[in-house]
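Now for the letters of each chain:
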Amino acid sequence: MSEPVRVVAFVPAAPLLVPQVAAGSADLDAGLREACVCVARRLTTAAEAGVTIVAPVAAGASWPANATWGFEGFGVAREPSDERPRLPWPLGIGDWLLDVIGWTGERHYVGVTPDSGTTGAAEIDAALLVVGDGSARRTEKAPGYLDERATGFDEVVATAIRAGDNAALGSIDQALADDLLCAGAPVWRWLSTRIGAGSVVEAELLADTAPYGVGYFAGWWRLG
């Protein structure tokens, strides 16, 4: 049975959050990592039961109930080894963060596809760990190269998270988001629909950065 949303933590789907993946740049990424750990810890402190991780996944994606994080695709073996099936890496980032902060409660996983369809758990908790990136076209060295619209687009997202403006997240232009390679847009739009008329009574944006030409946000909402 799903519950009304009470608390939300926003984090990016950034492999660099994992020090072993970031390797030589791990110290440079420390501020973002600390912000993500902070909002994840706030989330679990407020969680009454389980935590649902929500992240973008490819259409048709599926995974078994016992799946867990792993970053072998980035050339990093899990230590100690774990033979369980792997989650898609955006969900895996959220799962890894929960392990980092020592969360031992229930976990559920929901993947949002590019057309805002969902896959995964039927049960959705009141505490949501929402994983998603902004535009991947912020600089010439970004994965999608530079698009002059990208910075303004990400500013809208950052402002919405900072202000607790659920309607603004729900109003993200999906066609523009697609142009700007914003993987997080379907997830944020899904969140807005999930919250509906719920009122955000506390909001904070702890990180808003694009160190590799991709927009990354860490934030926190509490609903009344």
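Model, not experiment: these values are computed from the prediction.

Q: Please clarify how the side chain of Thr52 should be interpreted in this entry.
A: Among the secondary structure elements, Thr52 is positioned in strand S2 (residues 51-56). When its relative accessible area of 0% is taken as the criterion, Thr52 is described as buried. Within the structure, the side chain of Thr52 is placed 2.7 Å from the side chain of Asp125, a separation counted as a polar contact.

Q: Teacher, can you tell me more about the packing of aromatic side chains here?
A: Given two aromatic rings, one states the distance between the centres and the angle between the planes to describe the pair. Applying the stated criterion across every chain, the model contains four aromatic pairs. Centre to centre, the rings of Trp188 and Phe217 are 6.0 Å apart; their planes meet at 65°, and the pair counts as edge-to-face. Of this pair, Trp188 sits in helix H7 (residues 185-195) while Phe217 sits in strand S7 (residues 216-223), placing them 29 residues apart in sequence. Summarising the burial analysis for this pair, Trp188 and Phe217 share the class buried. Taking NZ or CZ as reference, Arg78 lies 3.9 Å from the ring centre of Trp69, over its face.

Q: What am I meant to see in the sheet that holds S7 here?
A: Pairing between the strands of a sheet is mediated by backbone hydrogen bonds and can be parallel or antiparallel. In space, the seven strands of this open sheet follow the order S4-S3-S2-S5-S1-S7-S6, with mixed pairing throughout. Each end of this open sheet is capped by a strand with a single partner; those strands are strand S4 (118-120) and strand S6 (200-209). Each strand of the sheet is rotated relative to its neighbour by a mean of 15°, with strand direction disregarded. Pairing of S2 with strand S5 (residues 127-131) involves four bridges; the strand directions are parallel.

Q: Honestly, the pairing of strand S1 (residues 7-11) in this entry has me stumped. Any pointers?
A: Summarising burial for S1: five of the five residues are buried, a large majority. Side chains of S1 alternate between two faces, with Val7, Ala9 and Val11 and Val8 and Phe10 buried alike. Sheet topology places S1 next to S7; four bridges connect them, and they run antiparallel. The partner of Phe10 across the bridge, within S7, is Gly219.

Q: Please clarify how the side chain of Asp95 should be interpreted in this entry.
A: Checked against the element boundaries, Asp95 lands in helix H3 (residues 89-100). Note on Asp95: relative accessible area 2%, which makes it buried. At a separation of 2.7 Å, a polar atom in the side chain of Asp95 contacts the side chain of Arg107. If near-sequence neighbours (up to four positions away) are discounted, Asp95 is found in contact with Ile53, Thr68, Trp69, Leu87, Arg107 and Tyr109.

Basis of the calculations
- Residues numbered from 1 in each chain as written.
- Predicted model: local features only at pLDDT ≥ 70, side-chain atom pairs only at ≥ 80, totals over all residues.
- Heavy atoms only, no water.
- Helix = DSSP H or I, 4+ residues; strand = E, 2+ residues; numbered from the N terminus.
- Buried < 20%, exposed > 50% of the residue type's maximum accessible area, 1.4 Å probe, protein only.
- Polar contact = N/O pair within 3.5 Å; in protein donor to acceptor, adjacent residues only side chain to side chain.
- Phe/Tyr/Trp six-rings, centres within 6.5 Å; stacked < 30°, edge-to-face > 60°.
- Lys NZ or Arg CZ within 6 Å of the ring centre and 35° of its normal.
- Pairing = 2+ DSSP bridges.
- Axes fitted to C-alpha atoms, helices over the stretch in contact; angles between N-to-C directions.
- Contact = heavy atoms within 4.5 Å.

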